[in-house]
Amino acid sequence: MDQSNFWRVIHLDEQNAVNEQVNEQHSAKLICTANHGFAPYAQEELRRLFGSLKSTMLIPGEVFIVTLATTLQEATERILEKAPIFLRHIFPVVMEIPGADKDQAFEQAVSYLLKREYLEGSRVSVQVRKAEGSSWTENPGALRDQLQERLAPLEMEFTVQDPEWVISLFAAKDTWYLGVSQPDRNLSDWNGGAIRFQREEGQISRAKFKLLEAEKQFGIPFDSFRNALDIGAAPGGWSSFLLERGLQVTAVDPAKMHESLIHHPNLRIVNKNASEVKFKESQFDLLVCDMSWSPKQMARLVTDLLYSLAPGGTAVVTVKLLTKKPMALVHDIIDIFEQSRMQIQGAKQLFHNRDEITLYMIKY
Ligand SMILES: C[S@@+](CC[C@H](N)C(=O)[O-])C[C@H]1O[C@@H](n2cnc3c(N)ncnc32)[C@H](O)[C@@H]1O
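Along each chain, residues carry numbers from 1 onward, in the same order as the chain's sequence is written. Predicted model: local features are reported for residues with pLDDT of at least 70 only, side-chain atom pairs are reported and counted for 80 or more only, and whole-chain, interface and lining totals are derived from all residues. Excluded from the side-chain calculations are hydrogens and water; all other atoms, namely the structure's heavy atoms, are used.

Per an unreviewed UniProt entry, the protein goes by 23S rRNA (Cytidine2498-2'-O)-methyltransferase and derives from Paenibacillus uliginis N3/975.

Right under this line is the structure:
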């Protein structure tokens, strides 16, 4: 179904509904998720986009509901266009259900969903979360399973990967929030934006997940590069990822690389501080840096080495948010890179980033 039809469907549904959110009243409700502790910055991003907004925390520091003085379609489009840094996931609330009685709430959700004919026969991801104090006392997975069972008449194919539609249910303390959306409207097609990767046997560090997530989030074609510089490489999670993608890797770190990598034929290890190394001009077409260090010093170190990145080359760096003003810090760091011929392609706090964000840049 194309986008305009989708919004028309939602619009018609809502005209018939009693408890549903009514879009044409220029009020949109979204359930919003950020990394733990970063919800205030996601709220600030929305405030900058929409001016004033009404917002209530549902999981402290992490999940909140906003009411925006605009339609759902407009709100979503403005957020998608802005590509926020801290706001990780959204879903549009199409129905609010009183949540005190879990059985009644469940039945209302089922009866709403069974009437959505456009879901019939499609690939659907059912994403359920709950907050503390919810009347749903079992785990959210059990609620998802029961919901899927009851939705059998719609003959949907339930899937986690590449769904056509996402049914979202957030069972908060007093209210259950229900959403139906196309996955590209949610900023991420994972439940709450929490993208999971399987830990592999012999995996060197969890840091590898950050690069895997950056690959998905920004669509970075890692296997199209040939020669990478990895700054702050030890113990080697990122280097091993790049080696798996077939790249030649130069790893710079005074600390030790994992022993499984030491004799890799495509890896050159430079056991030095990044401020002490010298390379040829335009030697690399990819530069990555995950130094968990003072961000301004990291930016200086990396910009000093940018001569070794060929024009058109890509850089992926993590920026530690060691400050109470992360938004200002991120903008300062972006400024430093922009003044060094780097064009920002993406800036995002990924699910696998802790107190940091990831920058994706291309040198011009
Ligand atoms: C978070 S770890 C990197 C993890 C790595 N990306 C992985 O996937 O395994 C940060 C590394 O940065 C290195 N580091 C810190 N300052 C550095 C500097 N000035 N030059 C080179 N490496 C540095 C540390 O020694 C540490 O090994």
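The rest of the description comes next.
Chemist: What should I look at first to understand the environment of Val-110 in this one?
Modeler: Note on placement: Val-110 falls in helix α4 (residues 102–114). For Val-110, a relative accessible area of 1% gives the class buried. Each C-alpha atom of the pair Val-110 and Arg-150 lies 6.9 Å from the other, and the pair is 40 residues apart in sequence. Numbering of helices and strands runs from the N terminus, with a helix taken as a DSSP run of H or I at least four residues long and a strand as a DSSP run of E at least two residues long. Type-normalised accessible area, obtained with a 1.4 Å probe on protein chains alone, sets the label of each residue: buried when under 20%, exposed when over 50%, and partly exposed for intermediate values.

Chemist: How should the confidence of the model for the protein be read in this particular structure?
Modeler: The predicted coordinates ought not to be read in detail in places where the model reports low pLDDT. Residue-level pLDDT values for the protein average 92, and 93% of them are 70 or greater. The predictor attaches a confidence to each residue, and that confidence, scored 0 to 100, is pLDDT. Throughout, a contact is declared for two residues whenever any of their heavy atoms are within 4.5 Å. For residues 1–24, every residue scores under 50 in pLDDT, and the model assigns this stretch 47 contacts once sequence neighbours within four places are set aside.

Chemist: Is there a simple way to think about the domain arrangement of the protein in this case?
Modeler: For interface size, the figure often reported is the accessible area lost on association. Per the annotation, domain bounds derive from an automatic or database assignment of domains. Parsing the protein into structural domains produces domain 1 (3–193) and domain 2 (207–363). Taken together, the contacts link 12 residues of domain 1 with 15 residues of domain 2. A buried area of about 1200 Å², summed over both sides, lies between domain 1 and domain 2, and 60% of it is on carbon and sulfur atoms. Counted as salt bridges are all cases of a side-chain nitrogen of Lys or Arg within 4 Å of a carboxyl oxygen of Asp or Glu. Across the domain 1-domain 2 interface, the total number found is zero salt bridges. By the criterion applied in these results, polar contacts are pairs of N or O atoms within 3.5 Å in which, for protein atoms, one can donate a hydrogen and the other can accept it, and in which residues neighboring in sequence qualify only through two side-chain atoms. Seen at the junction of domain 1 and domain 2, the total is five residue pairs in polar contact (both at pLDDT 80 or more). Computed with a 1.4 Å rolling probe, the buried area is the accessible surface lost when two parts are put together, summed over both parts.

Chemist: How do you make sense of the sheet that holds strand β15 (residues 342–348) when you look at a structure like this?
Modeler: By definition, the strands of a sheet pair up through backbone hydrogen bonds, in either a parallel or an antiparallel sense. The strand order β12-β11-β10-β13-β14-β16-β15 describes an open sheet built from seven strands, whose pairing is mixed. Where the open sheet ends on each side, the last strands, each with one partner, are β12 (267–270) and β15. Each neighbouring strand pair of the sheet contributes to a mean axis angle of 15°, computed without reference to strand direction. The sheet contact formed by strand β13 (residues 284–289) and strand β14 (residues 309–320) spans five bridges and is parallel. Looking across to β14, one finds that Leu-286 is bridged to Thr-314. At least two bridges found by DSSP between two strands is the condition for calling them paired. Interaxial angle, 0 to 180 degrees, is taken between N-to-C directions of lines fitted to C-alpha atoms, where a helix line uses only the stretch in contact.

Chemist: I keep staring at the pairing of strand β9 (residues 175–181) and nothing clicks. Help me out?
Modeler: Among the seven residues of β9, seven are classified as buried, and the element is accordingly described as predominantly covered. Summarising the sheet, strand β5 (residues 95–98) and β9 pair through four bridges and their orientation is antiparallel. Across the sheet, the residue bridging to Ile-97 is Trp-176, located in β9. From the end of strand β8 (residues 165–171) to the start of β9, which pair antiparallel, there are three residues.

Chemist: Explain the packing of helix α6 (residues 207–218) against helix α7 (residues 237–244) here, please?
Modeler: Between two packed helices, both the angle of their axes relative to each other and the distance between the axes serve to describe the pair. α7 packs onto α6 with a crossing angle of 50° between their chain directions and a minimal axis gap of 7 Å. Here α6 is positioned oblique relative to α7, judged by the angle of their axes. Along this stretch, α6 crosses α7, giving a crossing that reads as right-handed. Contacts from Ala-207, Lys-208, Lys-210, Leu-211, Leu-212 and Glu-215 of α6 reach α7 at Gly-237, Trp-238, Ser-240, Phe-241, Leu-242 and Glu-244. Residues are sorted three ways: Asp, Glu, Lys and Arg are charged, Ala, Val, Leu, Ile, Met, Phe, Trp, Tyr, Cys and Pro are nonpolar, and all the rest, Gly among them, are polar. Along the lines of polarity and charge, the residues of the contact of α6 with α7 split into six nonpolar, two polar and four charged. Between 65 and 115 degrees an angle is taken as roughly perpendicular, under 35 as roughly parallel, over 145 as roughly antiparallel, and anywhere else as oblique. Two helices cross in a left-handed way if the nearer one is turned anticlockwise from the farther one by less than a right angle. They cross in a right-handed way if the turn is clockwise.

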